[in-house]
Amino acid sequence: NAGVTQTPKFQVLKTGQSMTLQCAQDMNHEYMSWYRQDPGMGLRLIHYSVGAGITDQGEVPNGYNVSRSTTEDFPLRLLSAAPSQTSVYFCASSYRGDGNYEQYFGPGTRLTVT
Amino acid sequence: ILNVEQSPQSLHVQEGDSTNFTCSFPSSNFYALHWYRWETAKSPEALFVMTLNGDEKKKGRISATLNTKEGYSYLYIKGSQPEDSATYLCAFRDPGTYKYIFGTGTRLKVLA
């Protein structure tokens, strides 16, 4: 199993550009989530999904969209990039979201917005 | 907004020392608490999932306890080794939701 994969690993965007961060898992996990990691802030939840077709907002959803058309994929879209979105983005998946199962994290995408 | 706090923020210990860290969370309506280990340049990896008051989990030299009534969990490392150097995160499941709130972590450095 590849586990949780994320692409790209690094990305530089100009303010106002849009892009999609890709996340895929091959463990048939129902629960998937996106976090951003900023210095001194820990991991903050952006959006999450408890299954195909079901998504919901986390702590910091503004400026980001998600969709979950398949169990395997959970892309994160930046609609109009801003310097405040410079961060490291982690995707994670879990067998279920009910708290009884650990999350598996992808390798991260480092995004810089200039 | 739920507050999940970890202390200390950072810690330096000598090889062979035992150490412990704290994760504090709201004590009402508990669902689950997770501990993760996060090495530099890698992704967080799950250590423990704790769901019941009084839970004690152990993996090698690392163990964790849970007190949901007073809202804290301790992570213990016995006989610290340089390879234990990492940031240790706790994550609290927001009751009634599927959201996880992470603490800011305890950064451990074990000196050889």
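Placed above this text is the structure.
Procedures and definitions
- Residues numbered from 1 in each chain as written.
- Chains lettered and ligands numbered in written order.
- Predicted model: local features only at pLDDT ≥ 70, side-chain atom pairs only at ≥ 80, totals over all residues.
- Heavy atoms only, no water.
- Helix = DSSP H or I, 4+ residues; strand = E, 2+ residues; numbered from the N terminus.
- Rg over C-alpha atoms; globule rule 2.2 N^0.38 Å.
- Buried < 20%, exposed > 50% of the residue type's maximum accessible area, 1.4 Å probe, protein only.
- Areas by Shrake-Rupley, 256 points an atom, 1.4 Å probe, with all protein chains shown as cover.
- Core = buried A, V, L, I, M, F, W, Y, C linked by side-chain atoms within 4.5 Å.
- Contact = heavy atoms within 4.5 Å.
- Pairing = 2+ DSSP bridges.
- Axes fitted to C-alpha atoms, helices over the stretch in contact; angles between N-to-C directions.
- Buried area = accessible area lost by both parts, 1.4 Å probe.
- Salt bridge = Lys/Arg side-chain N within 4 Å of Asp/Glu carboxyl O.
- Polar contact = N/O pair within 3.5 Å; in protein donor to acceptor, adjacent residues only side chain to side chain.
- Nonpolar A, V, L, I, M, F, W, Y, C, P; charged D, E, K, R; others polar.
- Phe/Tyr/Trp six-rings, centres within 6.5 Å; stacked < 30°, edge-to-face > 60°.

Visitor: How should I be thinking about the overall build of chain A in this particular structure?
Guide: In terms of helices and strands, chain A carries zero helices and eleven strands. The secondary structure elements of chain A, listed N-terminal to C-terminal, are β-β-β-β-β-β-β-β-β-β-β. Rg of the C-alpha trace for chain A: 13 Å, near the compact-globule value of 13 Å for 114 residues, within the 12% margin. Overall, the C-alpha framework of chain A stretches about 40 × 30 × 25 Å when taken along its three principal axes. Taking all 114 residues of chain A together, 47% fall into the buried category. When the accessible area of chain A is evaluated, it comes to approximately 5100 Å², of which 49% is carbon and sulfur surface.

Visitor: Can you help me understand the nonpolar core in this one?
Guide: Among soluble globular proteins, nonpolar side chains are generally buried collectively. By size, the foremost hydrophobic cluster in this structure holds 23 residues, and its most contacted members are L33(B), W35(B), F48(B), L75(B) and Y88(B). Of all the secondary-structure elements, those providing two or more residues to this core are β3 (19–24), β4 (33–38), β5 (45–50), β7 (62–67), β8 (72–77), β9 (86–93) and β11 (106–111) of chain B. The dominant element in this core, judged by the number of residues it contributes, is β9(B), at four residues. Those residues in contact with Y88(B) that sit more than four places away from it in its chain are Q6(B), F21(B), W35(B), Y36(B), R37(B), L47(B), L75(B), I77(B), G105(B), T106(B) and L108(B). Ranked by size, the runner-up nonpolar core spans 18 residues in total, among them V4(A), L13(A), A81(A) and L111(A).

Visitor: Would you explain the sheet that holds β7(B) in this entry?
Guide: All names here are of chain B. Taken together, the five strands give an open sheet; going across it, the order is β1-β3-β8-β7-β6, and neighbouring strands pair in antiparallel fashion. Each having just a single partner strand, β1 (5–7) and β6 (56–59) make up the two edges of the open sheet. Strand-to-strand, the axes of this sheet are offset by a mean angle of 15°, without reference to chain direction. Strand direction decides the pairing type here: β7 and β8, joined by six bridges, are antiparallel. When the sheet's bridge partners are listed, N67 is paired in β8 with Y72.

Visitor: Is there a simple way to explain the interface of chain B and chain A in this structure?
Guide: Reports often express the size of an interface as the amount of accessible area lost when the parts come together. Residue-level contacts link 19 residues of chain B with 24 residues of chain A. For the chain B and chain A pair, buried surface summed over both sides reaches about 1700 Å², with 63% attributable to carbon and sulfur atoms. The largest contributions to the chain B side of the interface with chain A come from Y98(B), Y100(B) and F102(B), which together make up 33% of the buried area. Where chain B meets chain A, there are zero salt bridges. The interface formed by chain B and chain A contains seven residue pairs in polar contact (both at pLDDT 80 or more). At the level of elements, β4, β5, β9 and β10 (100–102) of chain B are the ones that each hand at least two residues to the side of chain B that touches chain A. Of the residues assigned to the side of chain B that touches chain A, the class counts are eleven nonpolar, five polar and three charged.

Visitor: How should the packing of aromatic side chains be read in this particular structure?
Guide: The geometry of an aromatic ring pair is captured by two quantities: the separation of the ring centres and the angle between the planes. As enumerated under the stated definition, the model contains 16 aromatic pairs over all chains in all. Their ring planes at 90° and their centres at 5.5 Å tell us that F105(A) and Y36(B) sit as a pair that is edge-to-face. Of this pair, F105(A) sits in strand β10 (residues 104–105) while Y36(B) sits in strand β4, each in a different chain. Y36(B) matches F105(A) in its accessibility class, with the two residues each being buried. Between the aromatic rings of Y72(B) and Y74(B), the centroid separation amounts to 4.8 Å while the plane-to-plane angle is 35°, which identifies the pairing as tilted.

Visitor: Explanation requested: the environment of Y31(A) in the structure shown.
Guide: Inspection of the secondary structure assignment puts Y31(A) in strand β4 (residues 31–38). For the pair formed by Y31(A) and S93(A), sequence separation is 62 residues and the distance between their alpha carbons is 5.4 Å. A polar contact of 2.5 Å, which involves the side chain of Y31(A), links it to the backbone oxygen of Y98(B).

Visitor: Looking at this structure, how should I read the pattern of salt bridges?
Guide: Side-chain pairing between opposite charges can occur once the charged atoms of the two side chains come close. Under the definition given, this model contains six salt bridges over all chains. For R36(A), the salt bridge goes to D38(A), with nearest N and O atoms at 2.9 Å. The residues R36(A) and D38(A) share a single accessibility class, namely buried. Close ionic contact of K42(B) with E39(B) constitutes a salt bridge, the shortest N to O distance being 3.9 Å. Residue class for K42(B) comes out partly exposed when judged on its relative accessible area of 48%.

Without other data, these values stay purely geometric and don't point to any function.
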